[in-house]
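In case you want the letters, here they are:
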Amino acid sequence: AYKNYRSIMLDSGTTFQWLVTQGILADRGRDLPMPAKGNVKLGKGGDHRDDYVPLTGTVASVYAQLAFCGCNVVAPFHVKEDKDEEGNVKSYTLNAIGSLRQLIPSLFNHVFFLSAQGDSTKVTYKVRTHTNVSDKFPGLNTTFRNLPYEIDVTIRDFSKPEEYGLGAILKQAQHGK
């Protein structure tokens, strides 16, 4: 099914998961309103516990097909912040349902964490490429050997976008620069 494609991008994995949820619930004659920040509540503490297994099975099956389709797959996910009593971020978890939090990253060669810092006048985007001991997001990985721990991917010149963003990551991976 994917033979004619070199790359597939889902915008976003979180929204895709919600669409699958809507499809399964519609087939069963039910509806689930659009959740705040893509947070679908099924399974433990959710409203539709009997839909949990078909939903996670369907999403897992689609991601497994994408992981082995022979093309590049980009599927950004939102993350949830787990905070301590003082409101400090302890860790981040993938905004996926149940066991999919661990399964989805394990299927792919590259799992990065993108962050944005700044204000309305200037924003800097950075990608973390692998996990270290002090990370708040476990499970980052890449098969690219030459990437630093963190890469600034802010596009500073839109006439040469390939020099920034994902292009910068691929360039560094190929040339070790």
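Relevant structure appears above.
Engineer: Please clarify how the packing of aromatic side chains should be interpreted in this entry.
Structural biologist: Here a ring pair, both rings aromatic, is described through the centre-centre distance and the interplanar angle of the planes. Within the structure shown, the criterion is met by 4 aromatic pairs. Taken together, a centroid distance of 5.5 Å and an interplanar angle of 90° make the contact between F16 and Y63 edge-to-face. Placement of the pair is F16 in helix α1 (residues 13–27) and Y63 in helix α2 (residues 52–67), with a sequence separation of 47 residues. Take F16 and Y63: they sit in the same class, and that class is buried. Centre to centre, the rings of Y63 and F77 are 6.0 Å apart; their planes meet at 45°, and the pair counts as tilted. One end of the pair, Y63, is in helix α2; the other, F77, is in the loop between β2 (72–74) and β3 (79–83), with 14 residues separating them in the sequence. Residue Y63 is classed as buried on the basis of its relative accessible area, which comes to 1%.

Engineer: Got a minute to help me understand the sheet that holds strand β7 (residues 150–152) in this structure?
Structural biologist: Whenever strands of a sheet pair, they do so through backbone hydrogen bonds, lying parallel or antiparallel. Spatially, 3 strands are ordered β5-β6-β7 in an open sheet, and the strand pairing comes out antiparallel. Each edge of the open sheet is held by one strand with a lone partner, namely β5 (113–118) and β7. The average undirected angle you get between the axes of adjacent strands in this sheet is 25°. Pairing of β5 with strand β6 (residues 123–128) involves 6 bridges; the strand directions are antiparallel. If you follow L114 over to β6, its bridge partner there is V127.

Procedures and definitions
- Residues numbered from 1 in each chain as written.
- Predicted model: local features only at pLDDT ≥ 70, side-chain atom pairs only at ≥ 80, totals over all residues.
- Heavy atoms only, no water.
- Phe/Tyr/Trp six-rings, centres within 6.5 Å; stacked < 30°, edge-to-face > 60°.
- Helix = DSSP H or I, 4+ residues; strand = E, 2+ residues; numbered from the N terminus.
- Buried < 20%, exposed > 50% of the residue type's maximum accessible area, 1.4 Å probe, protein only.
- Pairing = 2+ DSSP bridges.
- Axes fitted to C-alpha atoms, helices over the stretch in contact; angles between N-to-C directions.

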